[in-house]
Amino acid sequence: QERTLRIATSVPQDHYLTVSIAEFADQVTERTGGDIAFEIYPAQSLVTDQQMDQAVASGIVDIGVGSASILAGTIPALNIFAVPFYFDTREKLDNSVSVGTPIRDTLDAEIRNVGLNAVFWIPYGAIAMVMRDDPVRTPDQMQGKKIRSFGATVSEFIESVGAAPVVTSGGEQFLALQRGLVDGGLTGWSSITGRRLYDVAQYVVTTDHMYETHFALMKQSTWESLSPEHQEVFREVGQDLEGKLLDEVFAVVDEVKAELDGKMEVVELTPEEKAAWKEATAPIARQFVEGADPVSVTVFEEAEKIQ
Amino acid sequence: MPTDPHSPPTGPHPRLLRMCERVSHTAGEIGSWIYFIIGVCVVYEVVSRYVFNSPTHWVEEMSRLGMVWGTFLILATCLSRRQLITITIVSQALGPRARFMQELVIFVLFTLLAGVIAWYGIESMIQTISVNRRTNTTLSLPYWIFYLPIVLGFVLFLLQALAEIGAMLLTGHRLKPGFGQEEI
Amino acid sequence: MQTVAILTALFACLFAGVPVGLALTLMGAALYLFKGIPLAGIPEEFLGSFNSFILLAVPIFLLTSNILLRAGVARDLFDAVQRWVGGIRGGVAVSTILSCAIFAAISGSSVAVAAMIGTVAIPEMTRRGYNQRFVMGTLAAGATLGILIPPSIPLIVYAAVTEQSTAAMFLAGVGPGIVLVGAFLVYCVIKSFMGGAPVHEDSAAELGSRWRVSLKALPTVAIALTMIGGIYAGIFTPTESAAVGLAMTVIYVMFLRRSLDMRGLRGAVVQSGTTTANLLLIVGGANVFGKAILLYRIPFDISTWIAANITSAGMFILVVMLLLIVLGLFLEGIAMILIVLPVLLPSLGVHGIDPIWFGIFFVLMIELALISPPVGMNLFVIQSVARADLKEVILGVVPYALIMLAMVGVLYAFPAIVLWLPFAS
Ligand code: NA
Ligand code: NA
């Protein structure tokens, strides 16, 4: 019995996330002997990132690739990955996002609680900070600067170092930097080359302070409609890919840095400088737990253990 | 140019239609002022950013919310005023009988559409409430306040379309000029 | 085959007199059903369409235009421009184009410019004995600058659909706007000397001191410069520019000039509100339809067909131009963008056409649509202001329409006119 599932992403066809989910789809089709086929709708052609979880819940798509930071509106515990410098090494990530680790399992259960199922977690990588004119090294140099933000937790980070967050969409980012509407901006590494930000900003600061993950989300009832054998295939393919992609995420940053050579100065922070950032942004961790729901508290306690 | 938007519905309209129009027009006026108020908020944002060097946390999101509320609230009044962009070239050549039928069909289609949107709007709203879906912003607004105006707007739209159908069937003729061309 | 059937069905609906927004949504819904997509996608799509900070600029720009129109500000501006160039032969026609251009820099709509300048310029030109056709053609065409020179509502919608930066689209409109103004002016002068204008103009001096008259127009010019200058200088985003322009306008006309009361404001608010909702219904419907045709891969089929059958970018532009001329006979500009763009967008990549350039080209074609019969709003507005025969207005715009078509060629040959400003640092 054949079945075709619709997959939606909010990024272009050749973007890392679409490529990753396409690889997932191909492998599942192959290992189910063609029982499960997929149609991929990239570049928010079917659903935008903001609507991804709702679109999955209403059955508009069967699998939606959505980001943790957007789903965090509904599941605040997912904001754990935005606590600055808590997930900045490969080791910490292995201990928190791999299947079987407490943080991963707690969050998976929490996602199931809202009727969704994260079939596999697509690692996305760190967030960097581009600066138009100033090679910022320490948090005190951020005082009074206007920084492009794209969400609540990012804004908290910006404010914690005395800068002012300006919410700008991905598309307006280039012009906002070019015209000096903002002095800098937080963005994913791949956007720096993808959106040619090197044409309008001179520096990129490797704060690498927060980790972003995406999910391949399925509606719980759709997931349960799959046979146990098929579910097993989904799980295995997902887990295989997760490890591979995590390696890739780290490799990509190096590739981007190499590509930026001569176009933009990459400001690598020394351990002392990084410590200063960590200290300046420490209140965010406190904010995360103060008055938080029990799940957030649990996740935070687990995160403390892996530091 | 559209006619004066303040003129209350006049003429031999059946009472039900008149009542619907009063509600639609009030909603439309509220929606229009919401746009104006957002404009004021955005100015405040600019001032806040440059004079106090502290961009607000709420203007961007509240503006979008206002945009959603404003637009859905105004839709029914657009129908009542026949202010919906349409290709009129063929309609104008039709005789009164054919135009009556054409308009009736259009209203029935609108009724269907509004019904479907209102229905699924309610469904989505209930769904978002059941999982406490919220925006991923500083305000962390519950999503149902984005879905509520869809439901309100299209229920209003549905009632307006039904009242128009009723009035047409009752009187046996079209009560207002046809859908027009509006350009900007 | 499927592609042809779906597009034919849509146009059958449209020509049968089904409002554009409804036709698009219904077609989209039918396509959803055939593909087994839940109709819950429709409210979702409407919500996604309206939940936009970019489109917020639409009601605000419309409101500013409406307020200026009701406050009768056009008189001050027109008199001031007149005071400088009104004395030369054809001076009133020149003033008309220049006034249109300046108002275009505040107004996002072209119909508002037509109404504003038309009310003051038509009586003036008629009184002085200008050729009637020339007068009305100049106004109907000059007013279309309203959507090329930023701010521009069609450019906002284009930016929203193609995910281009609105600010970049606005800046891209500046260069072509200036060139088109120049071309219109050259025509005006030539036509005037060929008998379009009386040999002796009234002395412009009767209006009073040049500087005193200019001073009255200063606030209008200041608002225009703030709005576009603010975007260029990176002081604010297009939506913020709209709001700042609105605030300046309200303060100017309600408190300084005192030519608009609360009733007038209320009228402007409600009118721009309904116009916005009217447009957004189409935006929502077009998004539903746009997603639906993606399910059938129609845009990709079309771009594949284009890649195989249309061999060059020039040919592609020519074909699109013909298509838009035909659609523009009957269809409103925003609807044109929203129906055509989702279908054609993937095709731009085939011949490497810059989406920003294409947007400006598209807006030029919308300008043409505004003055092409049978349905051309600017024709109607000018006809009703001048109380003239529609045929006379149509004959008057013919030379301007030809200039606009030539303009497409100029922009094609010199794309830098469009692309220079948005990318200049
Ligand atoms: Na304009
Ligand atoms: Na036309």
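Taking an unreviewed UniProt entry as the reference, chain C is identified by name as TRAP transporter large permease protein belonging to Salipiger marinus. As its UniProt record puts it under Sequence similarities (unreviewed entry), chain C is described as follows: "Belongs to the TRAP transporter large permease family." If you open the UniProt record of chain C and go to Subcellular location (unreviewed entry), you find "Cell inner membrane".

Q: I would appreciate a short explanation of the overall build of chain C in the present structure.
A: Of the regular secondary structure elements, chain C holds 20 helices and 0 strands. For chain C, the C-alpha atoms occupy an extent of roughly 70 × 45 × 45 Å along the three principal directions. With 425 residues in all, chain C has 64% of them scored as buried. In chain C, once contacts between residues fewer than 6 apart in sequence are set aside, the share between residues at least 24 apart is 80%. Taking the average location of the 20 positive side-chain charges in chain C and that of its 17 negative ones, the two points are 8 Å from each other.

Q: Which parts of the structure should I look at to understand the environment of alanine 104 of chain C?
A: All names here are of chain C. Turning to its location among the elements, alanine 104 is positioned in helix 6 (residues 91-104). Sequence separation between alanine 104 and glycine 177 is 73 residues, and the spatial gap between their C-alpha atoms is 9.5 Å. Once residues lying within four places of it in the same chain are set aside, the contact partners of alanine 104 are Val113, Leu145, Gly146, Ile149, Pro150 and Pro151.

Q: Help me understand the interface of chain B and chain A, please; the structure alone is not making it clear to me.
A: When the parts of a complex come together, some accessible area is lost, and that lost area is often taken as the interface size. Every contact between the two is made by 20 residues of chain B and, on the other side, 20 residues of chain A. Taken over both partners, the interface formed by chain B and chain A buries close to 1600 Å², and the fraction arising from carbon and sulfur atoms is 47%. Contact with chain A buries surface across chain B, with Asn53, Arg133 and Asn136 of chain B losing the most and accounting together for 35% of the total. Linking chain B with chain A are 1 salt bridge, by the criterion used here. At the junction of chain B with chain A, the criterion picks out 7 residue pairs in polar contact (both at pLDDT 80 or more). Those elements that provide at least two residues to the side of chain B that touches chain A are helix 1 (15-51) and helix 3 (96-130) of chain B.

Q: Is there a simple way to think about the confidence of the model for chain C in this case?
A: Any residue range with low pLDDT should be treated as having predicted coordinates unsuitable for detailed reading. Per-residue confidence for chain C gives a mean pLDDT of 91, with 98% of residues at or over 70. Of the two predicted TM-score estimates for the complex, the pTM is 0.91 and the ipTM is 0.90.

Q: Any chance you could explain the packing of aromatic side chains here in plain terms?
A: Two descriptors summarise a pair of aromatic rings, namely the distance from one centre to the other and the angle between the planes of the rings. This model, assessed by the stated rule, comprises 35 aromatic pairs over all chains. Over the ring of tyrosine 143 of chain B we find arginine 133 of chain B; its NZ or CZ atom is 3.8 Å from the centre of that ring. Geometry around tryptophan 84 of chain C places arginine 210 of chain C over its ring, the cationic atom sitting 4.5 Å from the centre.

Q: Got a minute to help me understand unusual backbone geometry in this structure?
A: Outside of glycine, negative phi angles account for most residues, and trans bonds account for most peptide bonds. A cis amide bond links proline 150 of chain C to the next residue, proline 151 of chain C, at an omega of -5 degrees. Here proline 151 of chain C lies in the loop between helix 8 (132-143) and helix 9 (153-162). In this structure, the amide linkage connecting proline 373 of chain C to the following residue, proline 374 of chain C, adopts the cis form with an omega of 5 degrees. Inspection of the secondary structure assignment puts proline 374 of chain C in the loop between helix 17 (355-370) and helix 18 (377-386). The backbone phi angle of aspartate 208 of chain A is positive, close to 40 degrees, even though this residue is not glycine.

Q: Quick question: what am I supposed to make of the coordination of the sodium ion (ligand 1) here?
A: Under ideal tetrahedral coordination, the four donors around a metal are separated by 109.5 degrees; under ideal octahedral coordination, the six donors are separated by 90 or 180 degrees. All names here are of chain C. Looking at the sodium ion (ligand 1), one finds its protein donor set to be Ala104 (O), Ser107 (O), Gly146 (O), Ile149 (O) and Pro151 (O), positioned 2.2 to 2.4 Å from the metal centre. Ordering the donors of the sodium ion (ligand 1) by residue number gives the pattern A-x2-S-x38-G-x2-I-x1-P. Of the two residues, serine 107 is situated in the loop between helix 6 and helix 7 (110-127) and proline 151 in the loop between helix 8 and helix 9; the sequence distance between them amounts to 44 residues. When sorted by exposure, serine 107 lands in the same class as proline 151, which is buried.

Q: Would you explain the side chain of arginine 133 of chain B in this entry?
A: Secondary-structure assignment places arginine 133 of chain B in the loop between helix 3 and helix 4 (144-171). You can call arginine 133 of chain B buried: its relative accessible area is 3%. A distance of 3.2 Å separates polar atoms of two side chains, one belonging to arginine 133 of chain B and the other to glutamine 54 of chain A. Not counting chain neighbours up to four residues away, the residues in contact with arginine 133 of chain B comprise Gln50, Gln51, Asp53, Gln54 and Thr74 of chain A together with Thr128, Leu141, Pro142, Tyr143 and Tyr147 of chain B.

Q: Would you mind going over the coordination of the sodium ion (ligand 2) with me for this structure?
A: Residue and element names in this part refer to chain C. Protein coordination of the sodium ion (ligand 2) is provided by Gly328 (O), Ala369 (O), Ser372 (O), Ser372 (OG) and Val375 (O), with donor distances spanning 2.3 to 2.6 Å. Read N to C, the donor residues that coordinate the sodium ion (ligand 2) are spaced as G-x40-A-x2-S-x2-V. In this pair, glycine 328 is assigned in helix 15 (residues 313-330) and alanine 369 in helix 17, connecting sequence segments 41 residues apart. When its relative accessible area of 1% is taken as the criterion, alanine 369 is described as buried.

Q: Explain the interface of chain C and chain B here, please?
A: Every contact between the two is made by 71 residues of chain C and, on the other side, 56 residues of chain B. Of the roughly 5900 Å² buried between chain C and chain B, counting both surfaces, carbon and sulfur atoms make up 76%. For chain C, the biggest contributors to the area lost against chain B are Leu47, Phe50 and Asn278 of chain C; these three give 10% of the whole. At the junction of chain C and chain B, the tally comes to 2 salt bridges. There are 11 residue pairs in polar contact (both at pLDDT 80 or more) connecting chain C and chain B. Of all the elements, helix 13 (residues 262-295) of chain C adds the most residues to the side of chain C that touches chain B, at 18 residues. Class assignment of the residues belonging to the side of chain C that touches chain B gives a composition of 49 nonpolar, 17 polar and 5 charged.

Q: Mind showing me how you'd approach the pairing of strand 5 (residues 146-149) of chain A here?
A: Sheet faces and side chains relate simply in a regular strand, where the side chains alternate between the two faces. Of the two faces of strand 5 of chain A, the one lined by Lys146 and Arg148 of chain A and the one lined by Ile147 and Ser149 of chain A are each fully buried. With respect to chirality, the unit in which strand 5 of chain A leads through helix 6 (residues 152-160) of chain A into the neighbouring parallel strand 6 (residues 164-167) of chain A is right-handed.

Q: I would appreciate a short explanation of the nonpolar core in the present structure.
A: Nonpolar side chains in soluble globular proteins tend to end up buried together. Among the nonpolar cores identified, the biggest contains 278 residues, and Ile80 and Phe87 of chain A, Phe154 of chain B together with Phe358 and Phe361 of chain C are the most heavily contacted of them. A per-element tally of this core places helix 13 of chain C first, with 15 residues. Among residues more than four places away in sequence, those in contact with phenylalanine 358 of chain C are Tyr158, Phe316, Ile317, Val320, Leu341, Leu344, Leu348 and Ile353 of chain C. Core analysis: the next-biggest nonpolar cluster, separate from the first, contains 26 residues, Ile21, Phe38, Val65 and Ile122 of chain A among them.

Q: Any chance you could explain the confidence of the model for chain A here in plain terms?
A: Chain-level statistics for chain A give a pLDDT mean of 90 and a share of 99% at 70 or above. The least confident element of chain A, judged by mean pLDDT, is helix 8 (residues 189-194) of chain A at 83; the most confident is helix 5 (residues 102-113) of chain A at 96.

Q: When you look at a nonpolar patch on the surface in this model, what are you seeing that I'm missing?
A: A surface patch of nonpolar side chains, about 460 Å² in accessible area, is lined by Val47, Tyr50, Val51 and Phe52 of chain B together with Ile235 of chain C. Summarising the element assignment, phenylalanine 52 of chain B is placed in the loop between helix 1 and helix 2 (59-80).

Q: Please explain a negative patch on the surface as it appears in this structure.
A: A cluster of like negative charges, contributed by Glu248, Asp254, Glu255 and Glu259 of chain A, occupies part of the molecular surface. Residue position: aspartate 254 of chain A is located in helix 10 (residues 228-260).

Q: I'm lost on the pattern of salt bridges in this one. Help?
A: Pairs can form between side chains of opposite charge whenever their charged atoms are close. Residues and elements named next belong to chain A. In this structure the tally under the stated criterion is 31 salt bridges over all chains. Notably, a salt bridge pairs lysine 244 with glutamate 23, separated by 2.5 Å at the nearest N-O pair. One end of the pair, lysine 244, is in helix 10; the other, glutamate 23, is in helix 1 (residues 16-31), with 221 residues separating them in the sequence. Of the residues examined, lysine 244 reaches a relative accessible area of 41% and is grouped as partly exposed.

Conventions used here
- Residues numbered from 1 in each chain as written.
- Chains lettered and ligands numbered in written order.
- Predicted model: local features only at pLDDT ≥ 70, side-chain atom pairs only at ≥ 80, totals over all residues.
- Heavy atoms only, no water.
- UniProt positions renumbered as here; feature names shortened; annotations may be inferred.
- Helix = DSSP H or I, 4+ residues; strand = E, 2+ residues; numbered from the N terminus.
- Buried < 20%, exposed > 50% of the residue type's maximum accessible area, 1.4 Å probe, protein only.
- Contact = heavy atoms within 4.5 Å.
- Lys, Arg positive; Asp, Glu negative; His and termini not counted.
- Charge placed at Lys NZ, Arg CZ, Asp CG, Glu CD.
- Buried area = accessible area lost by both parts, 1.4 Å probe.
- Salt bridge = Lys/Arg side-chain N within 4 Å of Asp/Glu carboxyl O.
- Polar contact = N/O pair within 3.5 Å; in protein donor to acceptor, adjacent residues only side chain to side chain.
- pLDDT = per-residue confidence, 0-100.
- Phe/Tyr/Trp six-rings, centres within 6.5 Å; stacked < 30°, edge-to-face > 60°.
- Lys NZ or Arg CZ within 6 Å of the ring centre and 35° of its normal.
- Donors = N, O, S within 2.8 Å, 3.2 Å for Na, K, Ca; no water.
- Nonpolar A, V, L, I, M, F, W, Y, C, P; charged D, E, K, R; others polar.
- Right-handed = clockwise from strand over helix to strand, strands pointing away.
- Core = buried A, V, L, I, M, F, W, Y, C linked by side-chain atoms within 4.5 Å.
- Patch = residues over 30% accessible without salt bridge, like charges linked within 9 Å, V, L, I, M, F, W, Y side chains within 5 Å.
- Areas by Shrake-Rupley, 256 points an atom, 1.4 Å probe, with all protein chains shown as cover.

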